[in-house]
Amino acid sequence: MPGTHFPVRIAVCDDEESARRKLIDFISKYLDQHDLLVDIKEFSSGEEFLASDTDSFHLVFFDIFMGGINGMDTARKLFEGNTRTKIVFCSASETYGVQSYDVRAMRS
């Protein structure tokens, strides 16, 4: 339908609630400043994210170190059937930096 804009769907997946809230607040402020229409959904684990409609997300922010399945393995499972979703890993560790390119993580 011409003139209709659909929101970009973003997922934030981190097992630490405070880290999730901080990232969502940061993303929301940026989106508000740029008047962008976005739907943000939060997940507390890789398992919870994978149980959702993962194909509906355009962008996913993953914590690498989570209890249960970690962010890297969650991203690998996501890409088994999804080739369009973009990924950003959020971590203070550089350990998985090189491996993140195997799942087409964004570089900044």
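The structure under discussion appears in the preceding block.
In short, a report on the structure. (Residues numbered from 1 in each chain as written. Predicted model: local features only at pLDDT ≥ 70, side-chain atom pairs only at ≥ 80, totals over all residues. Heavy atoms only, no water.)

**Quick look at the side chain of Asn70**
Moving on, step 1. If you trace the backbone, Asn70 turns up in the loop between β3 (59–63) and α3 (71–78).
Moving on, step 2. For Asn70, the side chain forms a polar contact with the main-chain nitrogen of Met72, separated by 3.0 Å. (Helix = DSSP H or I, 4+ residues; strand = E, 2+ residues; numbered from the N terminus. Polar contact = N/O pair within 3.5 Å; in protein donor to acceptor, adjacent residues only side chain to side chain.)

**Here's the deal with α3**
Moving on, step 1. Among the residues of α3, those classed as buried are Gly71, Met72, Thr74, Ala75 and Leu78. An end-on view of α3 places all buried positions within 160 degrees of arc, on one side of the element. (Buried < 20%, exposed > 50% of the residue type's maximum accessible area, 1.4 Å probe, protein only. Arc of directions from axis to C-beta.)

**Looking at the side chain of Asp14**
Moving on, step 1. By the secondary structure assignment, Asp14 is in the loop between β1 (8–13) and α1 (17–33).
Moving on, step 2. Nearest to the buried, unbridged Asp14 among oppositely charged side chains is Arg20, at 5.7 Å.
Moving on, step 3. Excluding anything up to four places from it in sequence, Asp14 contacts Ala19, Arg20, Phe43, Ser44, Asp63 and Met66. (Lys, Arg positive; Asp, Glu negative; His and termini not counted. Salt bridge = Lys/Arg side-chain N within 4 Å of Asp/Glu carboxyl O. Contact = heavy atoms within 4.5 Å.)

**Description of unusual backbone geometry**
Moving on, step 1. Although it is not a glycine, Asp35 sits at a positive phi angle of roughly 50 degrees.
Moving on, step 2. Note that Asp35 resides in the loop between α1 and β2 (38–43).
Moving on, step 3. Judged by its relative accessible area of 72%, Asp35 falls in the exposed class.

**Looking at the pattern of salt bridges**
Moving on, step 1. Per the counting criterion, the structure on display carries five salt bridges.
Moving on, step 2. Where Arg21 meets Asp25, a salt bridge forms, and the shortest distance between an N and an O atom there is 3.7 Å. Of this pair, Arg21 and Asp25 both sit in helix α1, four residues apart, which is roughly one turn of the helix.
Moving on, step 3. Owing to a relative accessible area of 32%, Arg21 belongs among the partly exposed residues under this scheme.

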